[in-house]
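Each chain, written out:
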Amino acid sequence: EFITINMAALVTAQTCWVMMPHTTKLARPSLSTSRCSIVSLTNFPTAKPCRSVNSRWKAVHTPVPILDLAEFAEGNQEAKTSFALRLRDACESSGMFYLTGHGITSEEMESAFTSSRNFFELPTEAKQTFPCKKTGGFTRGYFSVGEESGSPTLFEAKEAFSYGYEWDPTAEPENPLQGPNIWPNLPGFGDEWKHPLQNIFKRKVKISECITDALAIALDLSQGSFSELCRGGDTISLMRMFHYLPFSSASATMKNNSLLQSVVGSSPHTDWGWLTIILQDPTVTSLQIFDAKSKAWSDVPPIPGHLIVNIGDYVSLMTKSRFKSPLHRVKINDRERYSFVFFYYTAFNATIPSMDKKQAGEHYLLKKQNVDDRAAGDDESVHSKSFGEFILKKWLEVQR
């Protein structure tokens with residue numbers, strides 16, 4: 001069955017469409033394959049792209065799979081194995097996939113975005129008065145535009161609010177990545193504002209734990225094989241609530257910046273941890289993934305109700321790059337964008353998996369992001385630090 005539709009509406013909340021080459025016609029996937037469909041990404045019509053770096057960010061067609069987590073979470077052993085095999089394919093190809101059947105309702109998503117918008121719409125002066133902590137690599141609270149960048153030469157036009165596990169403020173942290181959250185202390189920012197954010201964090205922890213069990217099966221191990229490796233990982237994992245500026249606002253910000261840098265949403269990078277789960281603004285296409293074979297970038301447009309999951313450097317290092325930690329970035333255009341990016345980590349004391357120097361250099365966990373593209377292993381022993389110590393170092397590197 002073929003249906004001709006507007007090119008700007010290739011994805012909907014209810015149906016995943018597959019782009020047919022050189023046509024505006026879309027084929028509806030059969031029900032037998034709907035649990036792991038393919039979205040062929042293209043450069044969807046959007047607002048005029050940003051100048052500088054974004055002017056060269058033309059996307060191409062690259063397939064990104066859609067997995068249904070309910071198949072694993074609620075299915076029998078045969079269903080779990082089937083899901084794990086498709087997860088293996090996704091990890092070996094792009095390292096990124098859409099996720100449905102995750103249990104987060106559309107109402108919960110919208111509540112979280114409402115809280116996010118309410119916060120970021122506050123005057124800059126008000127946000128900058130909020131307490132925050134960014135010492136030693138432990139990050140909580142508000143980060144203003146330009147305070148971070150994954151590249152020493154790019155200006156990231158975004159602001160962020162970081163929070164994590166609700167640590168008891170009267171309890172002594174067990175490691176430097178643990179500690180209490182720092183919430184705004186203003187009228188209108190009490191429990192009703194905070195609850196949707198805490199809920200999204202808890203939900204993504206559960207989703208990460210489920211995917212972790214599936215990863216074990218995908219690697220021909222027993223389901224709970226990574227339980228000890230990730231024990232306590234939820235207490236050091238981090239949620240980052242992002243607001244990406246439209247180009248007009250980013251340009252105004254750059255006029256006050258003394259460095260002649262290119263403006264981006266987020267610099268090209270791989271994620272350092274175990275898994276990353278992204279809740280995207282459903283109205284703006286800005287996330288892009290790099291395809292090593294074609295040497296080209298591809299849009300990863302939001303599909304309403306779906307999450308984006310990508311493999312982190314730790315998993316890629318552990319599997320000797322069999323499972324990909326994808327290089328990705330965020331462009332900016334003439335529309336602002338909101339997102340919730342959740343970084344799921346292993347235990348603080350987990351050791352960094354060994355890998356040869358060339359392969360290690362492909363992972364940003366082992367790169368020096370505040371100087372150049374040298375691998376961290378060039379002048380220090382990668383294995384002299386725990387994973388948690390590396391993460392602390394990384395968050396310090398991206399502060400500007």
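Before reading further, recall that the structure is shown in the block above.
The rules behind the values
Residues numbered from 1 in each chain as written. Predicted model: local features only at pLDDT ≥ 70, side-chain atom pairs only at ≥ 80, totals over all residues. Heavy atoms only, no water. Helix = DSSP H or I, 4+ residues; strand = E, 2+ residues; numbered from the N terminus. Contact = heavy atoms within 4.5 Å. Areas by Shrake-Rupley, 256 points an atom, 1.4 Å probe, with all protein chains shown as cover. Core = buried A, V, L, I, M, F, W, Y, C linked by side-chain atoms within 4.5 Å. Buried < 20%, exposed > 50% of the residue type's maximum accessible area, 1.4 Å probe, protein only. Phe/Tyr/Trp six-rings, centres within 6.5 Å; stacked < 30°, edge-to-face > 60°. Lys NZ or Arg CZ within 6 Å of the ring centre and 35° of its normal. Polar contact = N/O pair within 3.5 Å; in protein donor to acceptor, adjacent residues only side chain to side chain. Pairing = 2+ DSSP bridges. Axes fitted to C-alpha atoms, helices over the stretch in contact; angles between N-to-C directions. Parallel < 35°, antiparallel > 145°, perpendicular 65-115°, else oblique. Left-handed = near helix turned anticlockwise from the far one by under 90°. Nonpolar A, V, L, I, M, F, W, Y, C, P; charged D, E, K, R; others polar. Expected span 1.5 Å × (residues − 1).

Caption draft 1: Summary view of the overall build of the chain. What the chain contains, in helices and strands, is nine helices and 18 strands. Looking at the chain alone, contacts between residues at least 24 apart form 75% of all its contacts between residues at least 6 apart. As displayed, the chain has an accessible area near 17300 Å², and 53% of this comes from carbon and sulfur atoms.

Caption draft 2: Region of interest: the nonpolar core. Counting residues in hydrophobic clusters, the biggest one holds 91 residues, and the most contacted among them are L87, L99, F119, I211, L215, W274 and F340. Take this core: its biggest share by element is 13 residues, from helix α5 (residues 191-218). Counting six residues, the second largest nonpolar core, distinct from the first, contains A157, L245, V263 and I332.

Caption draft 3: Local environment of the packing of aromatic side chains. Going through the model one piece at a time under the given rule, you end up with 27 aromatic pairs. Each ring, one from W272 and one from W395, has its centre 4.8 Å from the other, and the planes form 70°; the classification is edge-to-face. Within this pair, whereas W272 is found in the loop between β12 (266-269) and β13 (275-280), its partner W395 is found in helix α9 (residues 387-397), the two being separated by 123 residues in sequence. The two residues W272 and W395 agree in class, both being buried. One residue, K80, lies across the ring of F72, its end atom 4.6 Å from the ring centre. Positioned above the aromatic ring of F143, the side-chain terminus of R240 is 5.1 Å from the ring centre.

Caption draft 4: Looking closely at the environment of Q280. With respect to the element layout, Q280 can be found in strand β13. Those residues in contact with Q280, other than ones at most four positions away along the chain, are F113, L287, V300, P301, P302, I308, R337, Y338 and S339. One polar contact links the side chain of Q280 to the main-chain carbonyl oxygen of V300, over a distance of 3.3 Å. Within the local environment of Q280, its side chain forms a polar contact with the side chain of R337, the two groups lying 2.9 Å apart.

Caption draft 5: Main features of the sheet that holds strand β15 (residues 296-299). The strand order across the open sheet formed by four strands is β12-β17-β14-β15, and the pairing between neighbours is antiparallel. Unpaired on one side and paired on the other, β12 and β15 mark the two borders of the sheet. Ignoring which end each strand starts from, the neighbouring axes of this sheet average 25° apart. In the sheet, β12 pairs with strand β17 (residues 328-330) via two bridges, with the strands oriented antiparallel. Within the sheet, the bridge partner assigned to H269 lies in β17 and is H328.

Caption draft 6: Here's a closer look at the packing of helix α3 (residues 106-120) against α5. Direction vectors running N to C along α3 and α5 enclose 125°, while the axes themselves pass 8 Å from each other. One finds that α3 runs oblique with respect to α5. Judged by the sense of rotation from one axis to the other, the crossing of α3 with α5 is left-handed. Contacts between α3 and α5 pair E108, S111, A112, S115, N118 and F119 from the former with W193, P196, L197, N199, I200 and R203 from the latter. A class-by-class count of the residues in the contact of α3 with α5 yields six nonpolar, four polar and two charged.

Caption draft 7: Quick look at the side chain of S149. Looking at the secondary structure, you find S149 in the loop between β7 (141-143) and β8 (154-156). Separated by 2.9 Å, the side chain of S149 and the backbone oxygen of S151 make a polar contact. In this structure S149 touches L154, E156, S267, V398 and R400, once residues within four positions along its chain are discounted.

Caption draft 8: View of unusual backbone geometry. For D220, which is not glycine, the phi torsion reads 65° and is therefore positive. Locating D220 in the fold gives a position in the loop between α5 and β10 (238-244). A positive phi angle is found at K320, which is not glycine, with a value near 55°. Exposure remark for K320: the relative accessible area of 44% places this residue in the partly exposed category.

Caption draft 9: Spotlight on helix α2 (residues 77-93). Helix length check: α2, at 17 residues, gives a terminal C-alpha distance of 24 Å against a target of 24 Å (1.5 Å per residue), a fit within 8%. Here α2 has its buried residues at A79, K80, F83, A84, L87, R88, A90 and C91. In this structure, the buried residues of α2 make contact with β5 (63-68), α1 (69-74), β6 (96-100), α5 and β16 (307-311). Sitting at the amino-terminal end of α2 is N76, which places a side-chain oxygen 3.2 Å from the backbone nitrogen of E78. After α2 finishes, the residue G95 shows a positive phi value of roughly 80°.

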